[in-house]
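Examining the three-dimensional arrangement
If you want the building blocks of each chain, they are given just below.
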Amino acid sequence: MKILNDNTPTSQLTEVKVGDSISNGIGTFGEVEDIKFEDGDGFWEFTFSLVGGGFIQVKKNRTTC
């Protein structure tokens, strides 16, 4: 089971696939059913929907020059 949170490197977040078992480390866990990615101003947001309901959301700030 992969633990995902704001400290997880972006490279590891992009490796998560539908069917993987994930957790946020504080009580939410399950099998990934869908993955959504949002590219906002200065951030990336990953939303992992879980089988049976629930989701884990991770927001990563991008460094810009």
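First things first, this report covers the structure right here in the doc. These numbers come from a predicted model, not from an experiment. (Residues numbered from 1 in each chain as written. Predicted model: local features only at pLDDT ≥ 70, side-chain atom pairs only at ≥ 80, totals over all residues. Heavy atoms only, no water.)

**So, the nonpolar core**
Using the following cut-off: The set of buried Ala, Val, Leu, Ile, Met, Phe, Trp, Tyr and Cys residues whose side-chain atoms join them within 4.5 Å is what this entry labels a nonpolar core. Only protein chains enter the calculation, and the probe is 1.4 Å; a residue is then buried if its accessible area is under 20% of its type maximum, exposed if over 50%, and partly exposed in between. Numbering of helices and strands runs from the N terminus; a helix is a DSSP stretch of H or I covering at least four residues, while a strand is a stretch of E covering at least two. In what follows, residue pairs with any heavy atoms lying within 4.5 Å of each other are defined as contacts.
In this structure, Leu4, Leu13, Val16, Ile22, Val32, Phe46, Phe48, Leu50, Ile56 and Val58 together form the largest nonpolar core, which totals 10 residues. At the level of elements, strand S4 (43-50) and strand S5 (55-61) are the ones that each hand at least two residues to this core. The leading source of residues in this core is S4, at three residues. Among residues more than four places away in sequence, those in contact with valine 16 are Lys2, Leu4, Ile22, Val32, Ile35 and Phe48.

**Overview of the side chain of glutamate 45**
Just so we agree on the cut-off: Counting rule applied: Lys, Arg positive; Asp, Glu negative; His and chain ends not counted. Any carboxyl oxygen of Asp or Glu within 4 Å of a side-chain nitrogen of Lys or Arg constitutes a salt bridge here. Pairs of N or O atoms are called polar contacts if they sit within 3.5 Å, as long as, within protein, a hydrogen donor faces a hydrogen acceptor (for residues adjacent in sequence, only side-chain-to-side-chain pairs).
Its location among the elements puts glutamate 45 in strand S4. In this structure glutamate 45 is buried but unpaired, with lysine 59 as the nearest side chain of opposite charge at 4.7 Å. Only 3.4 Å separates the side chain of glutamate 45 from the side chain of glutamine 57, close enough to count as a polar contact.

**Considering the packing of aromatic side chains**
The cut-off we apply is this: Stacked, tilted and edge-to-face pairs are distinguished by plane angle, under 30 degrees for stacked and over 60 for edge-to-face with tilted covering the rest, among Phe, Tyr and Trp rings (Trp via its six-membered ring) whose centres lie within 6.5 Å. Criterion for a charge above a ring: Lys NZ or Arg CZ within 6 Å of the ring centre, and within 35 degrees of the ring normal.
For the coordinates displayed, the defined rule picks out three aromatic pairs. Ring plane angle 50° and centroid distance 6.4 Å describe the contact between phenylalanine 37 and tryptophan 44, whose orientation is recorded as tilted. Owing to a relative accessible area of 27%, tryptophan 44 belongs among the partly exposed residues under this scheme. The structure contains a cluster of three or more aromatic residues connected by ring pairs, namely Phe37, Trp44, Phe46 and Phe48. One residue, lysine 59, lies across the ring of phenylalanine 43, its end atom 4.2 Å from the ring centre.

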